[in-house]
Amino acid sequence: MKNLFKLKIRQMRNQLKRVGLRKYLLFTLFGLGLLFAIGIFFIKIFGFLYHEEEFPMVFKLFISEKILLMVFLTLFSMLILSALISTLNIFFLSKDLRFLFSSPLKTGTVFYWKAIEVGINSGIMILFFSPPVLFAYCYYFAPGLIDIAGILFFFLMYCLSGIMAGILMGLIIPAFFSVRRLQPVLSVVSILLMSSIVIFLRLLKPEQFGNPDIINNMMNYMAGFDVTLFAYMPFSWLAKAFTHIAKGDYSALTGIAGAFAGTIGLLAAVAFFVQKKFYFKLFDKLSQSDAGKYRSSWKKGLLKGEYGALYKKEVKTFMRSPAQWSQLLIIAAIIVVFILNMKGIPMPHPSFKNLISYLNLGMAAFIVAGLNSRFSFTTIPMENPGLIHLLASPFAKEKIYKFKLLFYAIPQMIIGFILFFTADIALQLDSFARLSGTIFLLPVLPFLTVLALYYSLKLEENIPLTPQHLIVSRSGVLYMLFGMLAIVLSMIYFVRPLFIYYYSLYRKVPVPNFEIFLWFLVFCLIFVGIMILLYRRSLALWRQREFL
């Protein structure tokens, strides 16, 4: 191990000579400038809280803890992702591994050395961004030497827990995916972590920091930030440890230190077990690009006959396309944030919920339009090389197209109505708002799916493209343009019947139900007519498809 350390130091020294001192100096000056800007920012924030005389110290520490929680949440996700990527690169793809495994060194020694490398590589970024935050907090709330030592100790435990979690994830992923699929899988993991940051930050309700009634409603204000889920997260433990140190409540640190030690010990034990049993096998598998012995089976599902086979084909196509998983995670994060926003919208007046419900219709339709752009629109172009087998099968072409339409339209209609009725429950809408929203969504949601499939059939690319490339193609842009235009025009159209109803209630005159019914009927007939036209044209394009 000592020789490996000496070798690493020589490599770093040679790299410094090769790059040149001038470039390193410029990079160092840029980094110091960035650290200075971050430090000024946090000094201003913590300084404002500390010098605010109207706030009691308990409240100052509470707000500081929530600010730290957001910072440490972001850094923790970055640390896990960095450790994960470093693990895959250093443990499995490093060029010196074959030499190390052929040397007298034990596999365990190589593993520990590589773990140290992962820790250093992934921890550098966190150690770069964190000093301004730690300095600003210690300067105002924990200036004592014992306090600073305690903060540095718990921050080290926090870093170790994130690094160990990333290493363990990096050791497990190669057991299920071959080297060819590592890149899309990493994209999925990255988006999952970023989505988690967005959702967790939304759960913290940062908009409440500017609440003007915080003094008069301090207890309610503090209770509004309580998120039970965070009690099990290392970034929450670290923020609480900072608060306890600032209060001088050192006895409460025992439980937090135990939680950190237990988490690090458990992760280290699992990583040691994986190293003992599977590490060398996984290295061989990844080096030989072996996909493993597992083969998926074809079992009968709930649907029988031809549609059952088409259903299984669509599901297997999605499961074997990791590029689509990341899109699904993005949409899932947007939906979760949408639902959380519905629950946290302030209501200055009871009538304000009618406006929110109206805007919610457009938001639900926009989300479904995004779903269609990433799934319905991309399904046929991404399968283009395999369509030769589908079109040569005994299935009738019309059945294949109809099934694709239903396969994507039904789930997305369900999602659209879930979003709408979530707002209904949160805002307690009246019966007319509920009825008008249902009438709005019933034709608009399937129209978006039909429109997406129509423009997907307008694409004439023979080479399969990724969803990202398909979305920005000419047909993808046209779909989004006309989809957004249809949603906006529909919302403008609905202003009239909504105005007639609520204005009649305001004037306390009879509601002209027949006139409102005619507005709704014309709206549905327009969309049904457009859908029939698009369906026939897209079906004609589908019939013209041959072996490309």
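These numbers were taken from a predicted model, which means no experiment stands behind them.

1. A closer look at the pattern of salt bridges
Side chains that differ in charge, positive against negative, can pair when their charged atoms come close.
Okay, so step 1: Enumeration according to the criterion identifies 3 salt bridges in this entry.
Okay, so step 2: For the salt bridge of K240 with E65, the shortest nitrogen-to-oxygen distance reads 3.4 Å. A residue pair is termed long-range when its members are at least 10 positions apart, and K240 in helix α10 (residues 234–247) and E65 in helix α3 (residues 57–92) qualify at 175 residues.
Okay, so step 3: Under the relative-accessibility criterion, K240 is labelled partly exposed at 36%.
Okay, so step 4: Given the relative accessible area of 11%, E65 is considered buried.
Okay, so step 5: The partner of K114 in a salt bridge is E117, with the nearest N and O atoms 3.5 Å apart. Of the two residues, K114 and E117 both sit in helix α5 (residues 107–129), 3 residues apart, roughly one turn of that helix.
Okay, so step 6: Look at K114 and you get buried, because its relative accessible area is 1%.
Okay, so step 7: The class for E117 is buried, based on a relative accessible area of 10%.

2. Some thoughts on α5
For an α-helix, the turn length of 3.6 residues means that residues three or four places apart are oriented alike.
Okay, so step 1: Between its first and last C-alpha atoms α5 spans 34 Å; for 23 residues at 1.5 Å apiece the expected length is 33 Å, and the two agree.
Okay, so step 2: The largest bend in α5 amounts to roughly 35° and is located at G123.
Okay, so step 3: Looking only at α5, the buried set comprises G108, V110, F111, W113, K114, E117, V118, G119, S122, G123 and I126.

3. Here we look at the packing of α3 against α10
Okay, so step 1: Taken N-terminus to C-terminus, the directions of α3 and α10 make an angle of 145°; their axes are 8 Å apart at the nearest point. Crossing hand, α3 versus α10: right-handed. For the pair formed by α3 and α10, the contact residues are L61, E65, L68, L69, F72, L73 and F76 on the first element and P234, F235, S236, L238, A239, K240, F242, T243, A246 and K247 on the second.
Okay, so step 2: Here the residues of the contact of α3 with α10 are counted per class, giving 12 nonpolar, 2 polar and 3 charged.

4. Looking at the nonpolar core
Okay, so step 1: Ranked by internal contacts, the top residues of the largest apolar core, which has 70 residues, are F46, F72, Y158 and L171.
Okay, so step 2: When contributions to this core are tallied by element, the ones reaching two or more residues are α2 (21–51), α3, α4 (97–102), α5, α6 (131–141), α7 (145–172), α10 and α11 (253–287).
Okay, so step 3: Element by element, the count of residues in this core is highest for α3, at 20 residues.
Okay, so step 4: When residues no more than four places from it in sequence are discounted, the contact partners of L171 are T87, F91, F92, F111, A271, V274, Y279 and L282.
Okay, so step 5: Within the second largest apolar cluster, 51 residues are counted, among which are F417, F440, Y479 and Y501.

Parameters at a glance
Residue numbers run consecutively from 1 along every chain, following the written order of its sequence. With the structure being a predicted model, the display of local features is reserved for residues of pLDDT at least 70 and the display and counting of side-chain atom pairs for 80 or more, all residues being used for whole-chain, interface and lining totals. Side-chain calculation: all heavy atoms of the structure are included, whereas hydrogens and water are not. Only one rule defines a salt bridge in this text: a Lys or Arg side-chain nitrogen within 4 Å of an Asp or Glu carboxyl oxygen. Runs of H or I in DSSP of at least four residues are treated as helices and runs of E of at least two as strands, each being numbered from the N terminus. Accessibility here uses a 1.4 Å probe with only protein chains present; expressed as a share of the type maximum, an area under 20% marks a residue as buried, one over 50% as exposed, and anything in between as partly exposed. One less than the residue count of a helix, multiplied by 1.5 Å, gives the span that helix is expected to have. Across the chain, bend at a residue is computed as the angle between axes fitted to the seven residues ending at that point and the seven starting from it. To get an axis, fit a line to the C-alpha atoms, keeping to the stretch in contact for a helix; angles then go from 0 to 180 degrees between the N-to-C directions. Note: crossing handedness is left-handed where the near helix turns anticlockwise from the far helix by less than a right angle, and right-handed where it turns clockwise. Residue contacts are counted whenever heavy atoms from the two residues lie within 4.5 Å of one another. Asp, Glu, Lys and Arg are counted as charged, while Ala, Val, Leu, Ile, Met, Phe, Trp, Tyr, Cys and Pro are counted as nonpolar; the rest, among them Gly, fall into the polar class. Each nonpolar core is a collection of buried residues, namely Ala, Val, Leu, Ile, Met, Phe, Trp, Tyr and Cys, held together in the definition by side-chain atoms within 4.5 Å.

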